[in-house]
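Secondary and tertiary structure notes
Here is what each chain is made of, one letter per residue.
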Amino acid sequence: MRIRCMFLLLVTLCLASCQFRPPPRDDVTNRTPATDAVQPTATDPTAFTLSSVAVQNGGMLPPTYTCDGSGDTLPLSWTNAPAATASYAIVMHHTAAADDVHWYWVLYNIPAEVTQLTPGSNSVGTLGTNSVNDRNEYAPPCSKGPGPKTYTYTIYALSAPAQFDTPQVDRDTLLDAITTTTLASTTLDVVYSRP
């Protein structure tokens, strides 16, 4: 009985003085603490950005910039273009289906020092054709189909001006020509539904 009591006492003392520690797990010990993690930001203030004072990205295009109004081009401005930018190009298009793209504005060889275009601006850069009447001019949105349509403005920062052998430059011709000179591009989407 005495031996048994002494054995129990030794076991109790051993358990009290020893702590059970499981072996470390690599997936726990190598994990970055949550406080050190990089927190996502809503927008990058240094990113190449296209915007308009008339409409926010994803917003409704005011009728004045369509065939239901004066048909002027949308006022646009852009910031944070790459340092090596030598010129800009702008395209406005609508994708009706995967193989059905309509374009309303092709403007290229915009000087590098220009960072905005006013409504109806037609003295900056070189106009290409539109798919509405195939003329070198801006064609305001004038959809005959029902429902809202999304129109995308894309600006391309280019390392060199675009060169063409013809004055009839459509969207595909421009995009093919600037494939190797595009430093960056950014878009602005607007929505319009005809009354």
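Everything here concerns the structure above.
In short, a report on the structure. (Residues numbered from 1 in each chain as written. Predicted model: local features only at pLDDT ≥ 70, side-chain atom pairs only at ≥ 80, totals over all residues. Heavy atoms only, no water.)

Details of the overall build of the protein chain
As a reminder of what qualifies: Each helix is a run of DSSP H or I of at least 4 residues and each strand a run of E of at least 2, with the numbering of both proceeding from the N terminus. To sort residues, take the accessible area from a 1.4 Å probe on protein chains only and compare it with the maximum for the residue type: under 20% means buried, over 50% means exposed, and anything in between is partly exposed. Any two residues whose heavy atoms approach within 4.5 Å are treated as being in contact.
Helices and strands together make up the secondary structure of the protein chain, namely three helices and eight strands. Going residue by residue from the N terminus, the α and β elements of the protein chain occur as α-α-β-β-β-β-β-β-β-α-β. Per-residue burial for the protein chain yields a buried fraction of 32% across its 195 residues. Put simply, 69% of the contacts in the protein chain that link residues at least 6 apart link residues at least 24 apart.

Examining the sheet that holds strand S4 (residues 100–111)
So the rule is basically this: Note: two strands are recorded as paired if DSSP finds a minimum of 2 bridges between them.
Ordered by their spatial adjacency, five strands build an open sheet running S6-S4-S3-S7-S8, and the pairing between neighbours is antiparallel. The open sheet has two edge strands with one neighbour each: strand S6 (126–127) and strand S8 (182–192).

Digging into the packing of aromatic side chains
Any two aromatic rings considered together are summarised by their centre-to-centre distance and by the angle between their planes. In plain terms, the rule: Note on ring pairs: Phe, Tyr and Trp rings are taken, using the six-membered ring of Trp, and paired if centres are within 6.5 Å. Classes follow the plane angle, with under 30 degrees stacked, over 60 edge-to-face and the rest tilted.
Summed over all chains, the structure comprises five aromatic pairs. Their ring planes at 75° and their centres at 5.5 Å tell us that tyrosine 104 and tyrosine 151 sit as a pair that is edge-to-face. Highlighted residues: tyrosine 104 in strand S4 and tyrosine 151 in strand S7 (residues 149–158), separated in sequence by 47 residues. The class for tyrosine 151 is buried, based on a relative accessible area of 1%. Here tryptophan 105 and tyrosine 138 contribute two aromatic rings whose centre-to-centre distance is 5.6 Å and whose plane-to-plane angle is 75°, an arrangement assigned as edge-to-face. Of this pair, tryptophan 105 sits in strand S4 while tyrosine 138 sits in the loop between S6 and S7, placing them 33 residues apart in sequence. Comparing tryptophan 105 with tyrosine 138, the two get one shared label, buried. Three or more aromatic residues joined by ring pairs make a cluster, and in this case those are Trp105, Tyr138 and Tyr153.

Focus: the sheet that holds strand S2 (residues 76–79)
One open sheet accounts for three strands, arranged S1-S2-S5; its pairing is antiparallel. Strand pairing shows two members of the sheet lacking a second neighbour, strand S1 (49–51) and strand S5 (116–117), which therefore form its edges. Relative to S2, S1 runs antiparallel, the two sharing three bridges. Following the sheet pairing, serine 51 is matched in S2 by serine 77.

Things to note about the nonpolar core
Applicable threshold: Remark: nonpolar core denotes a set of buried residues (Ala, Val, Leu, Ile, Met, Phe, Trp, Tyr, Cys) joined through side-chain atoms within 4.5 Å.
Grouped together as the largest cluster of nonpolar side chains are 28 residues, with contacts concentrated most on Leu74, Leu76, Trp78, Ile90, Trp105 and Tyr153. Residue assignment for this core shows that the elements contributing at least two residues are S2, strand S3 (87–97), S4, S7 and S8. Setting aside residues up to four positions removed in sequence, tyrosine 153 forms contacts with Leu50, Leu61, Leu74, Leu76, Val91, Met92, Trp105, Tyr138, Thr186, Thr187, Leu188 and Val190. Counting residues in each nonpolar core, the second largest holds 11 residues, with Ala89, Val106, Tyr108 and Ile178 among its members.

Everything listed here is a matter of coordinates, which is why it stays silent on function.
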